Amino acid sequence: MAQAVATRAVRDLLHWNATGVSRVPMQVYADPGIYAWEQDLIFRGPTWNFLGLAIEAPNPNDHFTSVIGDTPIIVVRTKDGSINALVNRCAHKGATVCYQPTGHGETFTCPYHNWVYDHSGRLVSVAFEKGVQQLGGMPKQFDKANHRLTRLRVETICGLIFASFSERAPPLEQYLGPVMTGHIRRTLHGTPKILGRYRQMMQNNWKLYAENARDNYHPSLLHAFFATFELNRLSAEGGVRQDEAGWHHIVFAKRHTDQGHAEYESGVIRAQKREFGLADPSLIDQWMEFDDQITNSIQCLFPTFVLQQVLNSIGTRQIIPHGPEKSELVWTLIGFEEDTEAQTYMRVKQSNLVGPAGLVSMEDGIIGNFVQRGIKGDLDAQAVVMMGGVDVGPAPTRATETSVRGFWRVYRELMDV
Ligand code: FES
Ligand SMILES: [Fe+2]
């Protein structure tokens, strides 16, 4: 898409009244035109998008399906062990080629008219290409080499697979920067194994969840479990880290440093319940897994990937947009082959804290819809994102929305071309 056309079209749709990102026009959460441009400028733009884990296709010829934005993707481990990502859209009439979530095979055959592709997306066979009994078939000028499945750039880090449509995106490690790559290597420190997976539909725009994961202002206010059982309160040490360019963010806390704060005792924090205790406190038992003593860390990579550490529950979250007012979240819980049985048990048990019915995260599945419902009827209104100032940058506190502003800064950079 020509850049000049995109600039004009998006500027006609999207109005940032202020120069900064401390005010966000509500229309970004609901406008179908903006949503359509995001496919082009964000998801097919100079970004790296998470597709899944390398262990989901452990053997040559294994494949699974994923998405980037609205675009369906096939992820395949080739015969030589490398990983390819292909758009899951037949070059003939656009049908979905792989319609099962996982599979195994040397080629991909489209179910509609049986065009066959190899693992690099090359079209290798067309049914009835030569016609039947010298009749029909493809004309002479039809060349299979001109028709293929679109192939993306692919890179992995610690078994996480990322792909990019764009040649403009720098190599993955450069895109992430040393703070982000260091934290990924710190969190995924062993040989990963999948402990479980859940998916949830959310009745809200994908960016409301992308903001929510970066927003460390809300956990002890929205989530009663966090505040009541002192797992994640702003009175514990914590802060925000970001890469140099400010595209990606880590929000973190150290539970054991919580000295309390008068505000939590004052009765004004809705989520702080004094009268409750856990009948089985082993649910929040943990072992200190990391030298940095961090007990909660949410790492958000632009645009739609989250790497979580909630106590010892480690996992990935992939945000999938489904139109302007709907999105999906895919959670994959991870342990390591090196874990003891007791550690695996503890990770699985703690995973009751997260996910769609998770004790500390179920509210996140609905709060985006509260916004979606609240903003109806007046998309000219603007959200206020001023906690901790109006700038973007690392912070030694979590009483800040700097990482949310960081998200909007890069979003604006890509959309306001
Ligand atoms: S749509 Fe795929 S072969 Fe026709
Ligand atoms: Fe939350």
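Predicted, not measured: the structure shown is a model, and the values here were computed from it.

Student: Any details on the sheet that holds strand S15 (residues 296–301)? Residues and values, ideally.
Tutor: One open sheet accounts for seven strands, arranged S12-S18-S17-S16-S15-S14-S13; its pairing is antiparallel. A single partner strand is all that each edge strand has here, and the edge strands are strand S12 (192–202) and strand S13 (237–242). Across the sheet, the mean angle separating the axes of adjacent strands is 15° when strand polarity is ignored. Taken together, the six bridges between S13 and strand S14 (residues 249–254) define a ladder with antiparallel strand orientation. Bridge assignment links Gly238 to a residue of S14, and that residue is Ala253. Docked against the sheet, helix H4 (residues 206–214) engages S12, S14, S15, strand S16 (305–310), strand S17 (313–321) and strand S18 (327–336), running at close to 155° with respect to S17. Along the sheet, helix H10 (residues 402–415) makes contact with S13 and S14, crossing S14 at roughly 170°.

Student: Which residues make up the domain arrangement of the chain, and what values do they have?
Tutor: Annotation of the chain at the domain level lists domain 1 (49–155) and domain 2 (189–415). On a C-alpha basis, the centroid separation for the pair domain 1 and domain 2 is 36 Å. Taken together, the ten residues of domain 1 in the interface contact 14 residues of domain 2. Interface area for domain 1 against domain 2, summed over the two sides, is near 900 Å², with a carbon-plus-sulfur share of 64%. The interface formed by domain 1 and domain 2 includes one salt bridge. Taking the shortest distance from any N to any O, the salt bridge between Arg197 and Glu56 comes out at 3.0 Å. Elements that contribute at least two residues to the side of domain 1 that touches domain 2 include exactly strand S2 (49–53) and strand S3 (62–68). Here the side of domain 1 that touches domain 2 takes four residues from S2, the largest share from any one element. Taken together, the residues of the side of domain 1 that touches domain 2 sort by class into five nonpolar, three polar and two charged.

Criteria and cut-off values
Residues numbered from 1 in each chain as written. Chains lettered and ligands numbered in written order. Predicted model: local features only at pLDDT ≥ 70, side-chain atom pairs only at ≥ 80, totals over all residues. Heavy atoms only, no water. Pairing = 2+ DSSP bridges. Helix = DSSP H or I, 4+ residues; strand = E, 2+ residues; numbered from the N terminus. Axes fitted to C-alpha atoms, helices over the stretch in contact; angles between N-to-C directions. Contact = heavy atoms within 4.5 Å. Domains from an automatic or database assignment. Buried area = accessible area lost by both parts, 1.4 Å probe. Salt bridge = Lys/Arg side-chain N within 4 Å of Asp/Glu carboxyl O. Nonpolar A, V, L, I, M, F, W, Y, C, P; charged D, E, K, R; others polar.

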